[in-house]
Protein chains: 2
Amino acid sequence: MNIDLSTVRQNIDEIDEQLIRLLAKRFEITHQVGLYKKEHNVPPVDPEREARQLARIEKLAQDAGLSPDFAKAILRLVIDETVANHKRLREQSS
Amino acid sequence: MNIDLSTVRQNIDEIDEQLIRLLAKRFEITHQVGLYKKEHNVPPVDPEREARQLARIEKLAQDAGLSPDFAKAILRLVIDETVANHKRLREQSS
C-alpha cells in the first residue's frame, strides 16, 4: 500500500486541532458548573455522575470501534482536570 | 448564578460523544499509517514528529484558553495508544 504521509499527517493535525477546540468548549461549560457548585456548596466530585459518564463512554467507544479502555483513560484525565479546576475555584475568594 | 444542571450535563455528554467520534476517526487514519509503516519497515515511534505535535498542541491549547499541560497529557495518551497499535500491527503476520 502507498499513502501520502504528509497529507495524512495534515489530516491528523486537523483532527487534533478539533479535539483541542472541543475540549476548550467543554471546560468553558464545566467552568460554569464549577461556579454553580461553589455558590450552591455542591461538592466538586460526583461519583454517581462519573460512573454514568464512564459507562456511557465505554458504550460509545465500542460502537465507534475505539478501545473502551483508552476512551475511559481519556475521560478520566478530563474529569480529573475538571475536578481540579472546581477545587481551585472553590478555594478562590468570591 | 443559576444554571439548569441537567441541560448543561447534556451539552457535556454531547461534546464527549463528539470527542469519541473524532478519536475514532483519528485511529482509523493512524491505522493506515501503521499499515504503511509496517510494509515499508518504518519504526512505529518518530520522536521528531512527536516533538512537533506536542509543541503544536501546546500552542493550540494556549490560543484556545486550555491548560497546555493538560492538552499535552491528552496527546501523550493518544500517541502512546497509536504507537502500541502500530507495534501490535507490526507483530501480526501479514
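Relevant structure appears above.
First, a word on what this report is: a plain description of the structure on this page. As the structure is a computational prediction, the values presented were derived from the model and not from experiment.

At their nearest, the axes of helix H3 (residues 68-91) of chain A and helix H1 (residues 5-39) of chain B sit 11 Å apart, and the two run at 130° to each other. Between H3(A) and H1(B), the angle is such that the two are oblique. Relative to H1(B), the crossing made by H3(A) is right-handed. Each of A:Phe70, A:Ala71, A:Ile74 and A:Leu75 in H3(A) lies in contact with H1(B), whose residues at this interface are B:Asp16, B:Ile20, B:Leu23 and B:Phe27. Of the residues assigned to the contact of H3(A) with H1(B), the class counts are seven nonpolar, no polar and one charged.

A separate point is the relation of the copies chain A and chain B. For the pair chain A and chain B, the best superposition has an RMSD of 0.0 Å and corresponds to a rotation of 180° with a translation of 0.0 Å parallel to the axis. What the superposition gives is, in effect, a two-fold axis relating one chain to the other. When the interface residues of chain A are mapped onto chain B, 100% of them again lie at the interface, so the same face is used by both copies.

Residue and element names in this part refer to chain A. Mapped onto the secondary structure, Glu50 falls in helix H2 (residues 47-64). Look at Glu50 and you get buried, because its relative accessible area is 12%. If we ignore the near neighbours within four places in the chain, the residues touching Glu50 are Val45, Arg76, Ile79 and Val83.

Quick look at the packing of aromatic side chains now. What characterises a pair of aromatic rings is the spacing of the ring centres plus the angle enclosed by the ring planes. Here the structure, examined in full by the defined rule, presents two aromatic pairs over all chains. Where A:Phe27 meets B:Phe70, the ring centres are 5.1 Å apart and the plane angle is 80°; that geometry is what we call edge-to-face. Here the residue A:Phe27 occupies a position in helix H1 (residues 5-39), and B:Phe70 occupies one in helix H3 (residues 68-91), the pair thus bridging two chains. Like B:Phe70, A:Phe27 is buried.

The rules behind each value
Residues numbered from 1 in each chain as written. Chains lettered and ligands numbered in written order. Predicted model: local features only at pLDDT ≥ 70, side-chain atom pairs only at ≥ 80, totals over all residues. Heavy atoms only, no water. Axes fitted to C-alpha atoms, helices over the stretch in contact; angles between N-to-C directions. Helix = DSSP H or I, 4+ residues; strand = E, 2+ residues; numbered from the N terminus. Parallel < 35°, antiparallel > 145°, perpendicular 65-115°, else oblique. Left-handed = near helix turned anticlockwise from the far one by under 90°. Contact = heavy atoms within 4.5 Å. Nonpolar A, V, L, I, M, F, W, Y, C, P; charged D, E, K, R; others polar. Least-squares fit on C-alpha atoms with pLDDT ≥ 70 in both. Buried < 20%, exposed > 50% of the residue type's maximum accessible area, 1.4 Å probe, protein only. Phe/Tyr/Trp six-rings, centres within 6.5 Å; stacked < 30°, edge-to-face > 60°.

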